[in-house]
Amino acid sequence: MRAALFVTCVNDALYPRTGIAVVRLLERLGVAVDFPAAQSCCGQPQYNSGYRRESEPLLRRTAEAFAGYPYVVTPSGSCAAMVRCHYPRIGRAAEREGRGPGLSALAEELVPRVYELTEFLVDVLGVTDVGAYFPHTVTYHPSCHGLRGLGLGERPRRLLSAVRGLDLVELPGAQECCGFGGTFAVKNPDVSAAMGTDKAASAVGTGAEVLCGADNSCLAHLDGILRRRGADTRTLHLAEILASTEEEPLT
Amino acid sequence: MSGTFMGMPGMPGMPGMPERSDRPDAPELPATPALPDFPAFPDAARQAVGDPVLRANLRRATHTIRDKRARAVAELADWDRLRAAGKAIKDHTLRHLDRYLVQLEEAVTAAGGTVHWAADADEANRIVTGLVLATGHREVVKVKSMATQEIGLNEALEAAGIAAYETDLAELIVQLGHDRPSHILVPAIHRNRAEIREIFAAEMGRRGRPAPEGLGDDPRELAEAARLHLREKFLRAKVAVSGANFMVAETGTMVVFESEGNGRMCLTLPETLISVVGIEKVVPTFRDLEVFLQTLPRSSTAERMNPYTTMWTGLGPSRGADDDGPSAFHLVLLDNGRTDTLADEVGRQALRCIRCSACLNVCPVYERAGGHAYGSVYPGPIGAVLSPQLRGTGSAIDASLPYASTLCGACYEVCPVAIDIPEVLVHLRERVAQGGPVTREGIRVRIRPARGHTAERAAMRAARLLLDRPGALRAGERLLARARRLRPRRLPGPGRAWTDSRELPQLPAQSFRDWWARERGDRA
Ligand code: SF4
C-alpha cells in the first residue's frame, strides 16, 4: 500500500520529529510512504482569520500536490478538518464569486482521500495494536478539531491503550478546548492563557509523565505553559509514541 | 413605510404617535455603532480573567448546568431528530418570514390584539412609551425579555417618566444593582449571595417595599424578600411589558417560557399587556411548538418540561366579567437589524436561535471572560455572532467579537437548532478583516475592513506567498534553523502576547523537508 504524507507546515518547520515518526510507523506497518515536496500549508491560518481568499491558492496547491494518491495521511486533526470540513465550502464560494475555476471539484476530489493519522491506522489499516512500546504514564488531550470536527472518537485512546508498557490515565475535562485556537492565542492572550493554564494543571494533576495529543499546535501552546511554569510533564505527539518500539525506543 | 425591505405592512397610526413615514427619513450609512466606547473583547475580558472569584463563580455555574443539560438531553433517544426538526422549522419560517408575519398579524388582530411594526430600537421604544403614556399609568411590570433589553426599553421608559420594574428574580438583582446582565438565562450569574443581600438591603426601599430588617444571605430568605417586594408591584400594576419565546402564525398565539411564575403574574393581572418580540420568533403552526417544548427546557435549564408555559391569543374569545387577563393587548414586532441579518446567506442561521443559553454554558471562552465582556445583552458564542450582525461591525467591540472564540465547536455541538456558530464566526472575521457586501436597512452596501487590520492583512498575504512556494519555504526553514540559538524569552510586537505566558517552541536543527531529502530523497 502507498500513502502520501501530508506533514503540514507546523510539523515541517517546528516538529519534524512527528513527521519522521509517522514515516517510521507507517513503514513498519508495511505502507510505502511518499512525501510530495510540492505540498505546503493547508491554508487554515488564513481561512480561520478571515482571509478566505488567501487560502484558495493553498487549497489548489494541496489538492494538486496530492493528486493521484489514494491515501493522504496527516498527523494533524485540525489540518485534516480544514480539508474535510472547509475545502468544499471554500471551493464553492470561490466559484460563486467568479474566482478559481475548478477549485470546488479539486476540493471534492481530495476530501475522501485525506485521513488523519489515527483514522488511517484504525479504519484503513485496521490495526489498533501497532506494536509500539512506551513504558510511561500518559494522559491524552483530544484536540477540538479532531474530536468535534472529524469525530475521531476513541481511535486515539484505543491506539494508546494497545501500546505495551503504557499506562493511560484519564485527563479530567479532556473534551474542553486548550485555548490555542490559532490566532486566538495572540488576539485574546489572557483568555487563551487562562484556558491553557487550566488544561495544563489538569494534565499535571493526573501525575502523568507525558501529555499526549494529535495536534502539535495545541501541544506547542500547552508545552509553552508547562515549561514556563517549570512543570515536569512533557508533551508528545501521538505519532512519536506509536513509533516507539522496544528495539528503537523513544528517548 | 417602515425601513424593512420585506414588504412589511406599515405601522398603524397610534394616538399621539407619529407614523414612521412622518419622520424625516435619512438613514445614515454605516449605522451608528451601538456601543462606540465599549472596549474590544480582549480588553474587556482581561479584567474578568484576573478576577478569581468571578472565574470560580462562572466555572461552578456553567459546569453544573452543562452537566445537567447533557444528562437531560441523553434521556431522549430522538434528540438528533428533534434538533434537525427545530432547525428545519426555523429555516423554513425564515425563508417565508414575510408570509408568516402577515399571517400572524391577521390572526392577532382577529383575536382582538393590535400589531405594531418597529424597524429599529428607537421606533420600538417610541411605540411602547406612547402606548404606556396613553393608558395614563406611569408604572409597568416586566417579564424577563431579551428584546426589550436589546432596545434599552427600560431606559427609554424612565426617560419618559415611566418606572419599569423587572420581576424575574435574576433580572431584579441586575436592575436593583444598576448592573448589566451577564447571561441570557441567569442574568445575575456573576453575583454571589452576599452581594445580592447587599443590593436588596440597599436598593429595595428606594423602589418600593424595603427588604426585611436583618435580611440574611440564605437563598430562601432572599427569594422571600424578592417575593414580598414584587407582590406589591404585581397587585398595583395596570400595564405589563413582555417578550415572547414563540409566536404562532396560524393562531396568533404568544408563548412565554419561564421558571418562577412571576411572568404569569405579569401576563394575567394587568389591564394592558404590551409584548415586544423579534420578528424571527414566529413559527408557522401550533404543532411546531411540540419540538421546542422538548428542546428548549432541556437545553436551557436541563428540565424535562418548562415549569411555567403561558400562552395567550389576542384577548381570547369572550370578555365576560369572569375573564382573567388584560383587556388590551399590543404586539410590537421588532426588526432592529434582523432582516438585514436575514439577507446574509451564512450569517442568517443565527436567527434560528431560541435563546436557550446552552452555548454559553459550554463555552470555555465565556467561562473565563464572563458575560459583560461581550458588550451586549447577547453574550457568549451566540452573542459573538448575533451582535456584530444586528449592530454592524463599526465599533471596537463589534469588530472584536468574531475573534472571541477558539472555534472549538462546543457551541455548535449543543445548539438545539444546530447553528454552526464557528462557521458564522469565520464568515464575520472575513467581513471585519477584508470588508465586503452587507445589507444595512435593506440596502446592499459594501463596507470597508475594520481599522487595525492592515498589518495583519499584509502578513497573511506574505505568508501565503511564501507558503505557496515550497522552494522559498525550505529556504525560510533553513534560516529559522540557523537562528535557533537566538531564542528570546520575550518577543516584541504581537508575539509578546504569546511569550507573556508561554515559552516559545524549541526550533529543530532541520525541517522535515530537509530530513526527507537526506534520508528518503531517492524515493521522492
Ligand atoms: S445559539 Fe443555539 S445554543 Fe446558543 S442560545 Fe441560541 S439556540 Fe441556544
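Residues numbered from 1 in each chain as written. Chains lettered and ligands numbered in written order. Predicted model: local features only at pLDDT ≥ 70, side-chain atom pairs only at ≥ 80, totals over all residues. Heavy atoms only, no water.

Looking at an unreviewed UniProt entry, chain A carries the name (Fe-S)-binding protein, with the source organism given as Streptomyces vinaceus.

Turning next to the packing of helix α2 (residues 16-28) of chain A against helix α7 (residues 117-124) of chain A. All names here are of chain A. Orientation of α2 relative to α7, taken along the N-to-C sense of each, is 5°, at an axis distance of 12 Å. In terms of orientation, α2 lies roughly parallel with respect to α7. On α7, the residues touching V22, L25 and L26 of α2 are L117, F120 and L121. Taken together, the residues of the contact of α2 with α7 sort by class into six nonpolar, no polar and no charged. (Axes fitted to C-alpha atoms, helices over the stretch in contact; angles between N-to-C directions. Helix = DSSP H or I, 4+ residues; strand = E, 2+ residues; numbered from the N terminus. Parallel < 35°, antiparallel > 145°, perpendicular 65-115°, else oblique. Contact = heavy atoms within 4.5 Å. Nonpolar A, V, L, I, M, F, W, Y, C, P; charged D, E, K, R; others polar.)

With that settled, consider the site of the ligand. C353, C356, S357, C359 and C415 of chain B are the nearest of the 13 residues found near the ligand. Residue classes in the shell around the ligand are distributed as eleven nonpolar, one polar and one charged. (Near = heavy atom within 4 Å.)

Residue-level contacts link 68 residues of chain B with 64 residues of chain A. In total, about 5,800 Å² of surface goes out of reach between chain B and chain A, with carbon and sulfur atoms giving 55% of it. Together, M460, R502 and F512 of chain B form the three largest contributors to the area buried by chain B at its contact with chain A, with a combined 13%. Linking chain B with chain A are twelve salt bridges. Two residues, R55 of chain B and D198 of chain A, come together in a salt bridge whose shortest N-O distance is 3.5 Å. (Buried area = accessible area lost by both parts, 1.4 Å probe. Salt bridge = Lys/Arg side-chain N within 4 Å of Asp/Glu carboxyl O.)

Once that is clear, we can look at the domain arrangement of chain A. Note: interface size is frequently given as the accessible area lost on complex formation between the parts. Residue and element names in this part refer to chain A. Here chain A is described as being made up of domain 1 (2-124) and domain 2 (137-243). Placing the centre of domain 1 and that of domain 2 at their C-alpha centroids yields a distance of 22 Å. In this assembly, 25 residues from domain 1 lie in contact with 21 residues from domain 2. Regarding the contact of domain 1 and domain 2, the summed buried area is about 1,900 Å², with carbon and sulfur atoms giving 60% of it. Three residues, Y15, T118 and V122, lead the burial of domain 1 against domain 2; their summed loss comes to 22% of the area buried on that side. Summed over the shared surface of domain 1 and domain 2, the number is two salt bridges. A salt bridge links R17 to E240; the nearest nitrogen and oxygen atoms lie 2.9 Å apart. Where domain 1 packs against domain 2, one counts ten residue pairs in polar contact (both at pLDDT 80 or more). At the level of elements, α2, α5 (77-96) and α7 are the ones that each hand at least two residues to the side of domain 1 that touches domain 2. Taken together, the residues of the side of domain 1 that touches domain 2 break down into eleven nonpolar, eight polar and six charged. (Domains from an automatic or database assignment. Polar contact = N/O pair within 3.5 Å; in protein donor to acceptor, adjacent residues only side chain to side chain.)

The next thing to look at is unusual backbone geometry. The phi dihedral of T8 of chain A is positive, around 80°, even though this residue is not glycine. A positive phi angle, close to 65°, is found at L407 of chain B, a residue other than glycine. Counting through the fold element by element, L407 of chain B comes out in the loop between α17 (396-400) and α18 (410-414).

Now for the packing of aromatic side chains. Two descriptors summarise a pair of aromatic rings, namely the distance from one centre to the other and the angle between the planes of the rings. Scanning the model with the defined rule gives 15 aromatic pairs over all chains in all. The rings of F35 of chain A together with F512, W515 and W516 of chain B are connected pair by pair, giving a single aromatic cluster. The ring of Y100 of chain B has R99 of chain B sitting right over it, with the charged end atom 5.0 Å from the ring centre. A cation sits over an aromatic face here: R502 of chain B above W498 of chain B, 4.4 Å from the ring centre. (Phe/Tyr/Trp six-rings, centres within 6.5 Å; stacked < 30°, edge-to-face > 60°. Lys NZ or Arg CZ within 6 Å of the ring centre and 35° of its normal.)

Here the focus is the pairing of strand β8 (residues 234-237) of chain A. Residue and element names in this part refer to chain A. Note: strand β7 (residues 210-213) against β8, four bridges, orientation parallel. Note on β8: the bridge partner recorded for C212 is L236. In the classification by handedness, the crossover that spans β7, the intervening helix α12 (residues 216-228) and the parallel β8 is right-handed. (Pairing = 2+ DSSP bridges. Right-handed = clockwise from strand over helix to strand, strands pointing away.)

This part takes up the nonpolar core. Counting 140 residues, the largest nonpolar core has F41, L104, F200, L331 and I382 of chain B as its most contacted members. The element that contributes the greatest number of residues to this core is α5 of chain A, accounting for eight residues. The residues that make up this core include at least three from each of domain 1 (2-124) and domain 2 (137-243) of chain A. Residues in contact with I382 of chain B, not counting those within four places in the same chain, are I184, A350, C353, C359, L360, I419 and I421 of chain B. (Core = buried A, V, L, I, M, F, W, Y, C linked by side-chain atoms within 4.5 Å. Buried < 20%, exposed > 50% of the residue type's maximum accessible area, 1.4 Å probe, protein only.)

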